[in-house]
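Architecture at a glance
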Amino acid sequence: MSEDWCGGAGIGGRNKTGDDMTEQGNDRQRILVLSVSAGAGHVRAAEAIKSASTTWFDNVEVIHADVMDYVPKLFRKAYAESYLKVVEKHPNLWAYLYDRTDQEEADSALTQIRVAVERLNTQQLTRFIEETDPDQVICTHFLPAQLLSSRKARGLFSRPIWVVVTDFDVHRLWIHDHIEGYFAANDEVAWRMAARGIPSRTVQVTGIPIMPAFSEVYRREGCAREFGFDPGKTTLLMMSGGAGVGGIEVLAEKLLELPGDFQLIGLAGKNEELLKRLEEIGAHHPGRLFAIPFTRVIERIMAASDVAITKPGGLTTSECLAVGLPMIVVSPIPGQEERNADFLLENGAALKACDGGALSYRVSRILENPGLLTQLREKARLLGRPDAARSVLQKVTGRNK
């Protein structure tokens, strides 16, 4: 739990004894940020908002809670784990479900059944929210927004609810009544929200919240030396593979066959088997492939890179853009990631590879044409919104700091 505080205009805070305070500039405010660990992006956005409060604000306590920590194990398995399995193993099914639920009426029988099941399985979450007694709630996933909207409609919840959309897209599941305000990734998403009936005055274009570290300016040479990279070489950061393209180790072997003086960084995360395989490949290509385990300073690795090979998740995309790192997007999840990829491609900040051969071709083009890389980098930097988390808190609290 963060011990930082920020006054909120128009919302009563608490003093240290828990008593309500009058609406003064120094009022202290408690903000609950609710995420869902169905994919990592929603949780990362919530953590970014919490971190922003400690970095830039005084007099606000931000509490982050994952909804999946307050539901029965069976529901968690069905809701979060099944989502991951479907998008990975059955992307066509996910594409159908994404479009089907986007077209579903808010009062349809299927919607009401789903809402009832979710409400029955989130009673512990309801008790947690009541015990926390926040002044305001920020949701980085549609599930808590839906639950709180329903409770507000029944007169069971009275505090302001804010919704942060974590992709360059908007889906019907994110849109609910009784929401104080929405935060959109860009102008197009805000426009589409208004087209779906959300009052435009309640939509703020902030970008997708990312960690405050991405607001810093990093020198490429210093970051490269820190990890043993050569700052003078074109550097490709491999963050993910996928269906039709291959895993990171497969990508590394294919790309190392290309001519040119470049180096690869392979992020293995917490996958020890992948890390070992990358290290084995790197041993045959000394100084060309660097295997990196889980890191908490990805912004520094990005600052030392020229291109990221990645799936276009909303948070990863926003992080790359914040440091002006162009992308080659691979294996986007149907639905939200495809929309993210469309946004990047339309704005000239990324290329797309549909398979391993296409990836090799894209990389070879970049290696042969430095002007293309410069163009991609400039476009990426123009789209970056590194201060998104701070902007969200400024709006919610009514304070510039």
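All of the points below concern the structure found in this document. (Residues numbered from 1 in each chain as written. Predicted model: local features only at pLDDT ≥ 70, side-chain atom pairs only at ≥ 80, totals over all residues. Heavy atoms only, no water.)

**As for the overall build of the protein**
Applied cut-off: What counts as a helix is a DSSP run of H or I of at least four residues, what counts as a strand is a run of E of at least two, and both are numbered from the N terminus. Any residue under 20% of the maximum accessible area for its type is buried, any over 50% is exposed, and the rest in between are partly exposed; the area is computed with a 1.4 Å probe on protein chains only. Note on definitions: a residue-residue contact is assigned when non-hydrogen atoms from the two residues lie within 4.5 Å. Surface accessibility in these figures is a Shrake-Rupley result with a 1.4 Å probe; residues are shielded only by whichever protein chains are displayed.
Looking only at helices and strands, one finds 16 helices and 12 strands in the protein. By residue count, 54% of the 401 residues in the protein fall in the buried class. Taking the intrachain contacts of the protein between residues at least 6 apart in sequence as the baseline, contacts between residues at least 24 apart amount to 68%. Within the structure as shown, the protein displays about 18,300 Å² of accessible surface, and the carbon and sulfur contribution to it stands at 49%.

**A word on the sheet that holds strand β5 (residues 181-184)**
What counts here: Any two strands with at least two DSSP-identified bridges between them are counted as paired. Here an angle of 0 to 180 degrees is reported between the N-to-C directions of two axes, which are lines fitted to C-alpha atoms, with helices fitted over the stretch in contact.
Pairing within the open sheet is parallel, and its six strands lie in the order β2-β1-β3-β4-β5-β6. The sheet terminates laterally at β2 (60-66) and β6 (203-205), the two strands that pair on one side only. Here the strands of the sheet are splayed against their neighbours by 20° on average, with no regard to which way each runs. Relative to strand β3 (residues 136-139), strand β1 (residues 29-35) runs parallel, the two being bridged by four bridges. What sits directly across from Ile-31, in β3, is Gln-136.

**Observations regarding the pattern of salt bridges**
What counts, and what does not: Salt bridges are counted wherever a side-chain nitrogen of Lys or Arg sits within 4 Å of a carboxyl oxygen of Asp or Glu.
One pass over the structure, following the stated rule, counts 17 salt bridges. The closest approach of N and O atoms between Asp-306 and Arg-220, which form a salt bridge, is 2.9 Å. Residue Asp-306 is located in the loop between α11 (298-303) and β10 (307-310), and its partner Arg-220 is located in helix α8 (residues 220-227); the two are separated by 86 residues in the primary sequence. Between Glu-221 and Arg-225 there is a salt bridge, with its nearest N and O atoms 4.0 Å apart. Here Glu-221 pairs with Arg-225, and both are found in helix α8, just four residues apart, close to one helical turn. Overall, the relative accessible area of 43% leaves Glu-221 in the partly exposed class. Judged by relative accessible area, Arg-225 falls into the exposed class, the value being 54%. Within this structure, Asp-133, Asp-135 and Arg-159 form a network of salt bridges that share partners.

**A closer look at the pairing of β3**
Operational definition: Place the viewer so that the strands point away; then a crossover is right-handed whenever the path from the first strand over the helix to the second strand goes clockwise.
Residues Gln-136 and Ile-138 of β3 are buried on one face, and the alternating residues Val-137 and Cys-139, pointing to the opposite face, are buried as well. Bridging between β3 and strand β4 (residues 161-164) involves three bridges; their strand directions are parallel. In the strand pairing of β4, Ile-138 is matched with Trp-162. Between the parallel elements β3 and β4, the chain passes through helix α6 (residues 142-153) in a crossover that is right-handed.

**Some words on a negative patch on the surface**
What counts here: Patch members must show over 30% relative accessible area and no salt bridge, and they are joined within 9 Å when carrying like charges or within 5 Å when they are nonpolar side chains of Val, Leu, Ile, Met, Phe, Trp or Tyr. Here Asp and Glu are counted as negative and Lys and Arg as positive; His is not counted, and neither are the chain ends. For this purpose, a charge sits on NZ of Lys, CZ of Arg, CG of Asp or CD of Glu.
Taken together, the side chains of Asp-99, Glu-188, Glu-338, Asp-342 and Glu-346 make up a negatively charged region of the molecular surface. Ranked by residue count, the leading element in the negative patch is helix α13 (residues 336-346), at three residues. Within the fold, Asp-99 resides in helix α3 (residues 91-103). When its relative accessible area of 37% is taken as the criterion, Asp-99 is described as partly exposed.

**Considering the side chain of Gln-29**
The condition that has to hold: Identification of polar contacts relies on pairs of N or O atoms within 3.5 Å, with a donor-acceptor requirement for protein atoms, meaning one able to donate a hydrogen and the other able to accept it, and with residues adjacent in sequence counted only if both atoms are side-chain atoms.
Positionally, Gln-29 belongs in strand β1. On the accessibility criterion, Gln-29 (1% relative accessible area) is buried. Among the polar contacts made by the side chain of Gln-29, one reaches the side chain of Gln-136 at a distance of 2.4 Å.

**Remarks on the sheet that holds strand β9 (residues 289-293)**
The strands that make up a sheet are held in pairs by hydrogen bonds between backbone atoms, and each pair lies either parallel or antiparallel. The sheet built from six strands is open, its strands ordered β9-β8-β7-β10-β11-β12 with parallel pairing. Only two strands of the sheet have a single partner each, and these edge strands are β9 and β12 (350-353). Recorded for the sheet is a direction-independent mean angle of 20° between the axes of neighbouring strands. Relative to β10, strand β7 (residues 234-238) runs parallel, the two being bridged by three bridges. In the strand pairing of β10, Met-238 is matched with Ile-309.

**As for helix α5 (residues 123-132)**
This is how it is decided: Starting at the helix axis, one direction is taken to each C-beta atom, and the arc is that of these directions.
Turning to α5, its buried residues are Leu-125, Thr-126, Phe-128, Ile-129 and Thr-132. Take α5 and look down its axis: the buried residues cluster within an arc of 160°, on one side only. Within α5, the exposed residues directed more than 90 degrees away from the buried face are Glu-130 and Glu-131. Of the surrounding elements, those touching the buried residues of α5 are β1, β2 and α6.

**Side note on the packing of helix α14 (residues 356-368) against helix α15 (residues 370-383)**
The following threshold applies: Oblique is the label for any angle not under 35 degrees, not over 145, and not in the 65 to 115 range, which are roughly parallel, roughly antiparallel and roughly perpendicular in turn. Classification used: nonpolar for Ala, Val, Leu, Ile, Met, Phe, Trp, Tyr, Cys and Pro, charged for Asp, Glu, Lys and Arg, polar for all others including Gly.
Direction vectors running N to C along α14 and α15 enclose 105°, while the axes themselves pass 5 Å from each other. Classified by the angle between their axes, α14 and α15 sit roughly perpendicular to one another. For the pair α14 and α15, contact is made by Arg-365, Ile-366 and Glu-368 and by Pro-370, Leu-372, Leu-373 and Leu-376, respectively. Per-class residue counts for the contact of α14 with α15 are five nonpolar, no polar and two charged.

**Quick notes on the packing of helix α1 (residues 41-56) against helix α12 (residues 314-322)**
When two helices pack together, you describe them by how their axes are tilted relative to each other and by the distance separating the axes. Two elements in contact, α1 and α12, have axes separated by 8 Å at closest approach and are oriented at 50°. Taken together, the axis directions place α1 and α12 in an arrangement best described as oblique. For the pair α1 and α12, contact is made by Gly-41, Arg-44 and Ala-45 and by Leu-315, Thr-316 and Glu-319, respectively. In terms of residue class, the contact of α1 with α12 is built from two nonpolar, two polar and two charged.

Function cannot be read off these values alone, since they describe shape.
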